[in-house]
Amino acid sequence: MTTDLYNHITTDPVSSFFSEDIHVDVLRLDQMHPVISGNKWFKLRYYLEAAKKENKKHIVTFGGAWSNHIIACAAACHAEGLLCTGIIRGEEPAVYSKTLQEAKAYGMHLRFVSREEYKEKIIPGTIYNDDYSIIPEGGYGSIGAEGAATILNYCNKNYTHYCCAVGTGTMIAGIINGSNNEIIIGIPVLKNYYHAEEDIQSLLNGPSKKWQLVHDYHFGGYAKYDKSLLLFMNEFYQHTAIPTDFVYTGKLLYAIKDLVKKKFFPSQSRLLIIHSGGLQGNASLPPGSLLF
Ligand SMILES: *Cc1c(COP(=O)(O)O)cnc(C)c1O
């Protein structure tokens, strides 16, 4: 994988936005690339390595019209010289989303399937070459988690807590697997995601670690938002110059700000918030919603 991407990752101090008695840094995976979202790149790395080892030249994966995974997969396959097909949920739109346009520009073949077919993860029979390798939606699974664990290679190890957003739970599972004595706090972005803990547990490989999900910050569900979230994202940007996305990292930062206010973290805690990227998805918001 193109290694110079990792040189752009920094750890930015943002304590002044939170409170005086805890330390907060943001791990800027969003800086790796303007389009390719940070954690998806990490989750993909071992899937692609495995495909190459098995001499598979064609990757097939799944996603929606604004999927961070689809665009990351398209770009990664382009970089690796692999053929790539994205099976996209729903009918082919008259006008492609920005995400789909860019995925196509990276050479991804787009196949639109009905929501029912998508749910069943049916591979269209006309995908010509049966020598493909499938990457699950969102890079879910233990291979994705193994890649996500390597996120921790790009930060110091002097934190008491790691905080991250939770979609499929693959990234947090990797972070938990890769952690030592840190406490890991996850913020699910889906509503009523009752089996999140179970899904994450199934991807853990080591002895029991300390981790916890806080389910109160999904803002109504996946990709749902309200004015207060956008207002918060603008405020955070004005204070720190760090842009966030409304699906994952905006909700994560909002949650941490609120939890700090509620004294969830003991004083003298040292938090690392993982900015997992996803900024490209903000293009789906009405123009002018954000200052960045
Ligand atoms: C996909 C994604 C997540 C969630 O990762 P999971 O491994 O699915 O839990 C978090 N942040 C961003 C920006 C993402 O694109």
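The structure presented is a predicted model; accordingly, all values stated were derived computationally and were not measured.

## Thoughts on the sheet that holds strand β9 (residues 211-213)
Across the sheet, which stays open at both edges, the six strands sit in the order β1-β2-β10-β7-β8-β9 with mixed pairing between neighbours. Two strands close off the open sheet at either side, each with one partner strand: β1 (11-13) and β9. The mean angle between the axes of side-by-side strands here comes to 25°, regardless of whether they run parallel or antiparallel. Note that β1 and strand β2 (residues 23-28) share three bridges and pair antiparallel. Looking across to β2, one finds that P13 is bridged to D25.

## Some points on the packing of helix α2 (residues 38-53) against helix α3 (residues 68-80)
Relative orientation of the contacting elements α2 and α3 amounts to 45°, with a least axis distance of 10 Å. Considering their axes alone, α2 and α3 lie oblique with respect to each other. Regarding α2 and α3, the two cross each other, and that crossing is right-handed. For the pair α2 and α3, the contacting residues are K40, W41, L44, L48 and K52 in the first and N68, H69, A72, C73, A75, A76, C77 and E80 in the second. Classifying every residue of the contact of α2 with α3 by side-chain character gives eight nonpolar, two polar and three charged.

## Considerations on the packing of aromatic side chains
Aromatic rings in a pair are described by how distant their centres are and how their planes are angled relative to each other. Under the criterion given, the structure shown has 17 aromatic pairs. Pairing Y217 with Y254 gives two aromatic rings, centres 6.4 Å apart and planes at 55°, and the pair type is tilted. A residue pair is termed long-range when its members are at least 10 positions apart, and Y217 in the loop between β9 and α9 (227-240) and Y254 in helix α10 (residues 249-261) qualify at 37 residues. Assessed through its relative accessible area of 25%, Y254 is described here as partly exposed. By way of ring pairs, the aromatic residues F17, F18, Y217, F219, F232, F236 and Y254 are connected into one cluster. For K40, the ring lying beneath its charged end belongs to Y248, and the centroid distance is 5.3 Å.

## Considerations on the pattern of salt bridges
One pass over the full model with this rule turns up seven salt bridges. Between E80 and K52 there is a salt bridge; the shortest N-O distance is 2.5 Å. In this pair, E80 sits in helix α3 while K52 sits in helix α2, placing the two residues 28 residues apart along the sequence. Residues K121 and E137 are paired through a salt bridge, measuring 3.4 Å at the closest nitrogen-oxygen approach. In this pair, K121 sits in the loop between α5 (115-120) and β6 (132-135) while E137 sits in the loop between β6 and α6 (142-149), placing the two residues 16 residues apart along the sequence. Assessed through its relative accessible area of 31%, E137 is described here as partly exposed.

## Observations regarding the state of the cysteines
The tally for this structure, following the rule as stated, stands at zero disulfides. Unpaired in terms of disulfides, C163 finds its nearest cysteine sulfur in C164, a separation of 7.9 Å. On the basis of relative accessibility, which here comes to 0%, the residue C163 falls in the buried class.

## Observations concerning the domain arrangement of the protein chain
The figure often quoted for interface size is the accessible area lost as the parts come together. Domain annotation for the protein chain reports domain 1 (3-33 + 153-284) and domain 2 (40-139). With 16 residues of domain 1 at the interface, the matching set in domain 2 holds 13 residues. The interface formed by domain 1 and domain 2 contains zero salt bridges. The tally of links between domain 1 and domain 2 comes to three residue pairs in polar contact (both at pLDDT 80 or more). Looking at the side of domain 1 that touches domain 2 residue by residue, the class counts come to nine nonpolar, seven polar and no charged.

## Describing unusual backbone geometry
Although it is not a glycine, F219 sits at a positive phi angle of roughly 55°. Note on placement: F219 falls in the loop between β9 and α9. Accessibility expressed as a relative area gives 18% for F219, which makes it buried. At A241, a residue that is not glycine, the phi angle is positive and equals roughly 65°. Along the chain, A241 falls in the loop between α9 and α10.

Thresholds, definitions, all that
Position numbers for residues start from 1 in each chain and track the written sequence from start to end. This being a predicted model, a pLDDT of at least 70 is required before a residue's local features are given, and a value of 80 or more before pairs of side-chain atoms are given or counted; all residues contribute to the totals for chains, interfaces and linings. Heavy atoms throughout the structure, all of them, feed into the side-chain values; hydrogens and water do not. Strands pair, by our definition, only if DSSP identifies at least two bridges between them. A run of H or I in DSSP becomes a helix once it reaches four residues, and a run of E becomes a strand once it reaches two; helices and strands are each numbered from the N terminus. To define axes, lines are fitted to C-alpha atoms, for helices over the stretch in contact only, and angles between the resulting N-to-C directions are given on a 0 to 180 degree scale. Note that the term roughly parallel is reserved for angles under 35 degrees, roughly antiparallel for angles over 145, roughly perpendicular for angles of 65 to 115, and oblique for everything else. Crossing chirality is assigned from the near helix's rotation relative to the far helix, an anticlockwise turn below a right angle marking it left-handed and a clockwise turn marking it right-handed. The criterion used for residue contact is that any of the two residues' heavy atoms lie within 4.5 Å. Charged means Asp, Glu, Lys or Arg here, nonpolar means Ala, Val, Leu, Ile, Met, Phe, Trp, Tyr, Cys or Pro, and polar covers whatever is left, Gly included. Centres within 6.5 Å are what make two rings of Phe, Tyr or Trp a pair, Trp counting through its six-membered ring; a difference in plane orientation under 30 degrees is then read as stacked, over 60 as edge-to-face, and the rest as tilted. Here's how the labels work: a residue is buried when its accessible area is under 20% of the maximum for its type, exposed when over 50%, partly exposed in between, all with a 1.4 Å probe on protein chains only. Charge-over-ring placement is defined geometrically: NZ (Lys) or CZ (Arg) within 6 Å of the ring centre, and within 35 degrees of the ring normal. One speaks of a salt bridge when a side-chain nitrogen belonging to Lys or Arg is within 4 Å of a carboxyl oxygen belonging to Asp or Glu. In this description, the term disulfide denotes a pair of cysteine sulfurs within 2.5 Å. All domain edges in this entry derive from an automatic or database-based domain assignment. Under the rule applied, a polar contact is a pair of N or O atoms within 3.5 Å (in protein, one hydrogen donor and one hydrogen acceptor; residues adjacent in sequence only if both atoms are side-chain atoms).

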